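# Tertiary structure, described
Given next are the chains, with one letter for each unit.
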Amino acid sequence: MNKLDMLIGFIIGIITSLIGSYLFIKLFTSFNLSNGLLTIKQYGYLGKVITLGTVLDLLLFLFLLKRNKELMARGVVFAVIVLAISTLFI
């Protein structure tokens, strides 16, 4: 059960950061999603947009800690670490 909670937290963390990246593109740029991703990748800012999208993971982390879901919160932190390492290679 412990590994399952951590896996659920990891998956939720990845999904939350994707939602945050989507919201950043929709709210702060004039592009739609497909054109925005292509343009952002062309200019080399895709890693920065993904990193900005992980700001929502902080809120998720605090919510999970408040609900005493420490292992899910650990999975969210692991997702942020994986995303941070992946942005180095993008």
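Our subject is the structure that appears above.
Figured I'd write up the structure that's included with this text.

We now examine the overall build of the protein. Summing up its helical and strand segments, the protein has five helices and zero strands in all. Along the chain direction, N to C, the helices and strands of the protein fall in the order α-α-α-α-α. Principal axes of the C-alpha set define a box for the protein whose edges measure 40 × 25 × 15 Å. Looking at the protein as a whole, 29% of its 90 residues qualify as buried. Across the protein, contacts joining residues at least 24 apart in sequence account for 70% of those joining residues at least 6 apart. Accessible surface, the protein: about 6300 Å² in total, of which carbon and sulfur atoms supply 72%.

What follows is about the packing of aromatic side chains. The full count for this structure, using the stated rule, is two aromatic pairs. Here F10 and F78 contribute two aromatic rings whose centre-to-centre distance is 5.3 Å and whose plane-to-plane angle is 45°, an arrangement assigned as tilted. A residue pair is termed long-range when its members are at least 10 positions apart, and F10 in helix α1 (residues 2–28) and F78 in helix α5 (residues 70–89) qualify at 68 residues. The exposure class of F10 is partly exposed, given its relative accessible area of 21%.

The rules behind each value
- Residues numbered from 1 in each chain as written.
- Predicted model: local features only at pLDDT ≥ 70, side-chain atom pairs only at ≥ 80, totals over all residues.
- Heavy atoms only, no water.
- Helix = DSSP H or I, 4+ residues; strand = E, 2+ residues; numbered from the N terminus.
- Buried < 20%, exposed > 50% of the residue type's maximum accessible area, 1.4 Å probe, protein only.
- Contact = heavy atoms within 4.5 Å.
- Areas by Shrake-Rupley, 256 points an atom, 1.4 Å probe, with all protein chains shown as cover.
- Phe/Tyr/Trp six-rings, centres within 6.5 Å; stacked < 30°, edge-to-face > 60°.

Geometry only, nothing functional implied.
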